[in-house]
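Structural overview
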Amino acid sequence: MPYKWKTPPAPKSASELQLWPHQSLPPKGFAAFIGATFVLIMIPLFPLIGSVVLWGVLPFLLLAVGGVWLALERSHRNAQILEVLKLSGETAHLVRHNPRGPAQEWDCNIYWAQVEMHKKDGPVPHYVTLRGEGREVEIGAFLSEEERISLYDDLLRGLAQTRG
């Protein structure tokens, strides 16, 4: 599950929840995929070794491998989102670290914080938000539908336990 309680909720104590998008391609898998793509693209070139045609085709095949590498790298960078919800004492504090741009923050008195689920009204089904201090902020919008449902239940329990 792409979220976990770093410090579990307990009555009248601090707790921290971290959320991140699922990334199905780890760094070792990235290297293996690029290597396999390179090898598979080079197989048709073996009959051309020693001919002038090899030098005409080779740059385009290398550009194709470079294009795949750049696309995967950009996708990986765009998924570098981290949301951290800290529940402590009398404060609920949410920070969203974006891949580019400044972090976004939200604070609220923990006793006024409300977790809401918008089953059909949000940009995604089962959209989870936190409301308090006159603002409503999304949390975990990058999670799958089942994960958002689970997150909603965990947030309700976490707020109730932290409030004591």
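Up top is the structure.
Residues numbered from 1 in each chain as written. Predicted model: local features only at pLDDT ≥ 70, side-chain atom pairs only at ≥ 80, totals over all residues. Heavy atoms only, no water.

With respect to the pattern of salt bridges
- For the structure shown, the criterion picks out five salt bridges.
- For glutamate 138, the salt bridge identified is with arginine 96, shortest N-O distance 3.8 Å. Of this pair, glutamate 138 sits in strand E8 (residues 135-138) while arginine 96 sits in strand E4 (residues 91-97), placing them 42 residues apart in sequence.
- Taking relative accessible area as the criterion, glutamate 138 reaches 30% and is therefore assigned partly exposed.
- For arginine 96, a relative accessible area of 16% translates into the label buried. (Salt bridge = Lys/Arg side-chain N within 4 Å of Asp/Glu carboxyl O. Helix = DSSP H or I, 4+ residues; strand = E, 2+ residues; numbered from the N terminus. Buried < 20%, exposed > 50% of the residue type's maximum accessible area, 1.4 Å probe, protein only.)

Let's talk about the pairing of strand E3 (residues 82-88)
- As defined by bridge partners, strand E2 (residues 15-19) adjoins E3 across five bridges and the pair is classed as antiparallel. Counterpart to glutamine 18 in the pairing with E3 is valine 84.
- Pairing of E3 with E4 involves seven bridges; the strand directions are antiparallel. Bridge pairing in E4 links valine 84 to valine 95.
- Here E3 folds back onto E4 in antiparallel fashion, the turn holding two residues, of which glycine 89 has a positive phi close to 50°. (Pairing = 2+ DSSP bridges.)

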